[in-house]
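Take a look at the letters that make up each chain.
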Amino acid sequence: MSRKPRSDSSKKQTTAPDGGRGGWIYGPALDLVVGCGAWSAPLLLLAYPLGTRDEGLASFAFYALALVFNYPHFMATIYRAYRTKEEFSRYKIFTVHLTLLALATIVVAHWAYWMVPWVFTIYVTWSPWHYTGQNFGLAMMFARRNGATPSRAVRRALHLSFWASYLLIFIRFHTGPSGGYLISLGLPESLTKPASIGLAVTFLALGFWSLRALVRQVGARAMVPTMVLFGTQFLWFVAPLALEIGTRSRLPQTLYSSGILAVMHAAQYMWITSYYTRRETEASGRRWRPLFYFPALIV
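Throughout this document, residue positions are counted from 1 along each chain, in the order its sequence is written. This being a predicted model, a pLDDT of at least 70 is required before a residue's local features are given, and a value of 80 or more before pairs of side-chain atoms are given or counted; all residues contribute to the totals for chains, interfaces and linings. Here the side-chain values reflect all heavy atoms present in the structure, with hydrogen atoms and water set aside.

A.B. asks: I'd like to hear about the environment of Arg286, residue by residue, with values.
C.D. replies: We count a stretch as a helix when DSSP gives it H or I for four or more residues in a row; a strand needs E for two or more, and each element gets its number in order from the N terminus. In this fold, Arg286 is placed in the loop between α11 (253-283) and α12 (290-298). We classify Arg286 as exposed; its relative accessible area is 55%. Here a polar contact is recorded for every N or O atom pair within 3.5 Å, except that within protein the pair must consist of a potential hydrogen donor and a potential acceptor, and residues adjacent in sequence are included only if both atoms are side-chain atoms. A distance of 3.0 Å separates the side chain of Arg286 from the side chain of Ser284, its partner in a polar contact. Buried residues are those whose accessible area, probed at 1.4 Å on protein chains only, stays under 20% of the maximum for their type, while exposed residues exceed 50% and partly exposed ones sit between those limits.

Written out as structure tokens, the structure is:
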């Protein structure tokens, strides 16, 4: 797709650069529900009552879903990173260096058990940052596929908006005393509560400003996927604060990040990586067989 600026912003471009799909990857239904996270609302409505009443049952339910989503999404990464020499070399920091670091950490932590809470804390604190980066990247991808050419200011504002939402969950992790395997920074609630409200306002203000600029450029219909992804980011990171203030109930943060969000993120990841795998398979003259690909990832 051309990134050349247009002289008339009233013109709409809704044709994708690869086959006229109107900017969609698989089609509106699957893209909006899984890729853009529209199913977040019903899933979270089910997760909150379950997680606040019976944490053990909630953990079982979401870690069972990990067999279908989370673990296969790691396999999808391995497949893409190691399948060709070019990809292996291109992502050597992941395929070699970080892989060796992870293996060394596993071996050392087996004898130095005191490391386990630190490893767990780093992982669950980093994971939402990873989810945020994916949501922002997909939001920009859909915006450009639908003809938008976001200025640096608009892109930066939307990026800062997503960062602000991540900081909300970071603060939630590290407010108050440590618990279980999570090592908290022990931030006082008297400080984190007003900071959280300020971050929520920042998320909404910068987000709406940037989305308004994109809508004025190409129209609201073309920006539906990007707006849904913004709504998903709100549900994942900002809505828990509002529910906590309004209902005085709080879902265990480690269950929320490593269970509920991980399932939705992993499904979203397999949706986009399967698209690239399908495109590359068909480009090589072979037949794309999703009924073989997805079960293979699960196995």
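A.B. asks: Got a sec to walk through the packing of aromatic side chains? Specific residues and values, please.
C.D. replies: Only the six-membered ring of Trp is used, alongside the rings of Phe and Tyr, when aromatic pairs are assigned; centres must lie within 6.5 Å, and planes under 30 degrees apart are stacked while those over 60 apart are edge-to-face, with the rest tilted. Tallied over the full model, the rule gives 19 aromatic pairs. Look at Phe203 and Phe230: their rings are 4.5 Å apart centre to centre, the planes differ by 5°, and that puts the pair in the stacked class. You can see Phe203 sitting in helix α9 (residues 189-218) and its partner Phe230 sitting in helix α10 (residues 224-247), a full 27 residues away along the chain. On the basis of relative accessibility, which here comes to 0%, the residue Phe203 falls in the buried class. Cluster of aromatic residues (ring-pair linked, three or more members): Phe136, Phe162, Phe203, Phe208, Phe230 and Phe234.

A.B. asks: Give a detailed account of the layout of surface pockets, specifying residues and quantitative values.
C.D. replies: In this analysis a 1.4 Å probe is tested at points of a 1 Å grid over the protein atoms alone, and where it fits but cannot get out there is a cavity; an open set with protein on both sides within 12 Å along at least five of seven lines is a pocket; lining residues have an atom within 4 Å of a point. Grid points are joined across faces, edges and corners, and a volume is the space filled by probe spheres set on the points. A volume near 2200 Å³ is recorded for the largest pocket. Lining the largest pocket are 44 residues, with Phe74, Thr77, Phe94, Trp126 and His130 sitting closest to its centre. Mapped onto the lining of the largest pocket, the elements with two or more residues apiece are α4 (70-82), α6 (92-111), α7 (115-145) and α11. The dominant element in the lining of the largest pocket, judged by the number of residues it contributes, is α7, at 13 residues.

A.B. asks: For α4, give the residues involved together with the corresponding values.
C.D. replies: Take the number of residues in a helix, subtract one, and multiply by 1.5 Å to get its expected span. An ideal rise of 1.5 Å per residue puts 18 Å on 13 residues; α4 measures up with 19 Å between its terminal C-alpha atoms. Looking at α4, one finds that the buried residues are Asn70, Pro72, His73, Ala76, Arg80 and Ala81.

A.B. asks: Before we move on, could you go through the environment of Met115 and cite the residues and values that matter?
C.D. replies: Topologically, Met115 is positioned in helix α7. Residues Met115 and Thr105, ten residues apart in the sequence, show an inter-C-alpha distance of 8.7 Å. By the convention used here, residues are in contact when the closest approach between their heavy atoms is within 4.5 Å. When residues no more than four places from it in sequence are discounted, the contact partners of Met115 are Thr105, Val108 and Ala109.

A.B. asks: Run through the nonpolar core, naming residues and quoting values.
C.D. replies: Burial of nonpolar side chains together is a common tendency in soluble globular proteins. Among buried residues, those of type Ala, Val, Leu, Ile, Met, Phe, Trp, Tyr and Cys that are joined through side-chain atoms within 4.5 Å constitute a nonpolar core. In this structure, Ala148, Leu158, Leu168, Leu214, Met223 and Phe230 are the most contacted members of the largest nonpolar core, which totals 21 residues. Each residue touching Leu158, except ones within four places of it in the same chain, is listed here: Phe136, Met140, Gly207, Ser210 and Phe230. In terms of nonpolar packing, the next biggest core, distinct from the first, is built from 15 residues, Tyr166, Ile169, Trp236 and Val263 among them.

A.B. asks: Talk me through the packing of α4 against α12; I want residue IDs and the actual numbers.
C.D. replies: Across the interface, α4 lies against α12 with an axial gap of 7 Å and an inter-helix angle of 110°. By the angle between their directions, the pair α4 and α12 is classed as roughly perpendicular. The residues of α12 that touch α4, namely those facing Pro72, Met75 and Ala76, are Tyr293, Leu297 and Ile298. Classifying every residue of the contact of α4 with α12 gives six nonpolar, no polar and no charged. Simply put, an axis is a line fit to the C-alpha atoms, just over the touching stretch for a helix, and the angle between two N-to-C directions goes from 0 to 180 degrees. Every angle not falling under 35 degrees, over 145, or within 65 to 115 is termed oblique; those three ranges are roughly parallel, roughly antiparallel and roughly perpendicular. Here the nonpolar group is Ala, Val, Leu, Ile, Met, Phe, Trp, Tyr, Cys and Pro; Asp, Glu, Lys and Arg are the charged ones; every other residue, Gly included, is treated as polar.

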